[in-house]
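Inside the fold
Next come the chains, spelled out residue by residue.
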Amino acid sequence: MATYTTEIASDKLVSDNPIHQRLLKAYIAAQPWISGKLLELGCGEGRGVETLLPLADSYLGLDKIQEVIDELKVRFPKVEFQQAVIPPFEGIADNSFDTIVSFQVIEHIPNDRLFLEEIYRVLKPGGKAVISTPNINHTLSRNPWHEREYTPQQLIDLCSSIFDSVEAKGVGGNEKVWAYHEANRKSVQKIMRFDIFDLQHKLPSSFLRVPYEILNRRNRNKLHQQQGKSVVDIRHEDYPIVDDPAKGLDLFYILKKK
C-alpha cells in the first residue's frame, strides 16, 4: 500500500485535493507544446501520463523511486519508464527528444544548472521544455524537501543563461483558490508562532522533515474539516495560467532550443 506524504500530493486523499488539482493543471496547460518524442523528468505516480500520452509519439518517464516505476509499468504497459537519479541523464543521447516536461522537480535538484543544461542537451533543435516549480513569494514556510525555491526573476535568469528562449508564465488561482491559500496561510502562521527561534531556517533539512510532515498533514486535514466542500470543489479549472509569473502560486516556464 502506498504511503502518501504531503510532499507527494495524492488524488486519493480528499485533504490533498487543492494541491493535486494545482499540480494536474501544469500537465493540462502543457498540452499545446507536446509533440513527437516526450520525456518526463520526475514522473512520480504518473499524474499526467493519460493527459499527455495521446499528444506524443512516444513517452519516456524517469523517476528515482523504483517502487513507483514498477507500479507505472503495470498501469501503463505501452509506456516506457526507467528508474534514474538525475542529473546527469545517463544513457540519453544528445538531441533525442522533441518535448520535455518536468513539474515540481527542479526545486529538489542540488545542481539545478546541470539539470537545465542536461535538458538543453537532450532536446532536439527546435525542441521545447515545460517546467513548473513553486513561486517562493507565495510559499508559506520552509519546505525541508526542497533544495531551494525561486523568485520569478531568479528562474528567468537561470533559464535564460542556458536556453535560447524563455516564456515565463505562472499557475494562478481564482477567488476560490486564493481563499483556500489565505486560510492555509493563517493556519500555518498559528503553527509557526511557536518557532520563536526561527529553527525552520536554521536547522538542517533532515531534522525538519518528520515534524514538517506531521504538522503539514494535520494542517491539511484541519483545513478540510473547517472548509469542507470548498476543499473538495476546487478543480484544475480554478488554476488559470497567468502571463505574469509573479501572480502565480507556481512558476510555469516554456524553454526553447533553437
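As annotated in an unreviewed UniProt entry, the chain is Methyltransferase family protein from Algoriphagus chordae.

Further remarks concern the sheet that holds strand β5 (residues 123-134). Spatial strand order, β3-β2-β1-β4-β5-β8-β6-β7: eight strands in an open sheet with mixed pairing. Edge positions in the open sheet fall to β3 (80-83) and β7 (241-242), since each of these has one partner strand only. Pairing between strand β6 (residues 165-171) and strand β8 (residues 250-256): seven bridges, direction antiparallel. Across the sheet, residue A168 finds its bridge partner in β8, namely Y253. Against the sheet, helix α1 (residues 17-30) touches β1 (37-41), β4 (97-103), β5, β6, β7 and β8, its axis set at about 25° to β8.

Moving on, we come to the pattern of salt bridges. Tallied over the full model, the rule gives nine salt bridges. Here R22 and D250 are joined by a salt bridge, their closest N and O atoms 2.8 Å apart. Here the residue R22 occupies a position in helix α1, and D250 occupies one in strand β8, the gap between them amounting to 228 residues. Residue D112 pairs with R148 through a salt bridge whose shortest N-O separation is 3.6 Å. In this pair, D112 sits in helix α4 (residues 112-122) while R148 sits in the loop between β5 and α5 (152-160), placing the two residues 36 residues apart along the sequence. Overlapping salt bridges bring together D94, E118 and R121 as one network.

So, about the environment of K78. Its place among the elements puts K78 in the loop between α3 (66-75) and β3. Exposure remark for K78: the relative accessible area of 87% places this residue in the exposed category. For the pair K78 and S58, spaced 20 residues apart in the sequence, the C-alpha separation amounts to 9.3 Å.

Attention shifts here to the nonpolar core. In this structure, F81, F103, V130 and F252 are the most contacted members of the largest nonpolar core, which totals 30 residues. Of all the secondary-structure elements, those providing two or more residues to this core are α1, α2 (49-52), α3, β4, α6 (175-192) and β8. The leading source of residues in this core is α1, at four residues. In this view, F103 contacts A26, Y27, A30, L41, V130, I131, S132 and F252; residues no more than four positions away in its chain are not counted.

Pairing of β6 with β7 involves two bridges; the strand directions are antiparallel. Bridge assignment links G170 to a residue of β7, and that residue is V242.

A word on the environment of R22. Take R22: its relative accessible area is 17%, and that puts it in the buried class. Between the alpha carbons of R22 and V171 there is a distance of 7.7 Å; along the sequence they are 149 residues apart. Those residues within four positions of R22 in sequence are excluded, and the remaining contacts are V171, Y239, L249 and D250.

To continue, consider the environment of N137. With respect to the element layout, N137 can be found in the loop between β5 and α5. As for N137 and A246, which are separated by 109 residues in sequence, their C-alpha atoms are 7.9 Å apart. Once residues within four sequence positions are removed from consideration, N137 is found in contact with T151 and P152.

Each value, and the rule that gives it
Residues numbered from 1 in each chain as written. Predicted model: local features only at pLDDT ≥ 70, side-chain atom pairs only at ≥ 80, totals over all residues. Heavy atoms only, no water. Pairing = 2+ DSSP bridges. Helix = DSSP H or I, 4+ residues; strand = E, 2+ residues; numbered from the N terminus. Contact = heavy atoms within 4.5 Å. Axes fitted to C-alpha atoms, helices over the stretch in contact; angles between N-to-C directions. Salt bridge = Lys/Arg side-chain N within 4 Å of Asp/Glu carboxyl O. Buried < 20%, exposed > 50% of the residue type's maximum accessible area, 1.4 Å probe, protein only. Core = buried A, V, L, I, M, F, W, Y, C linked by side-chain atoms within 4.5 Å.

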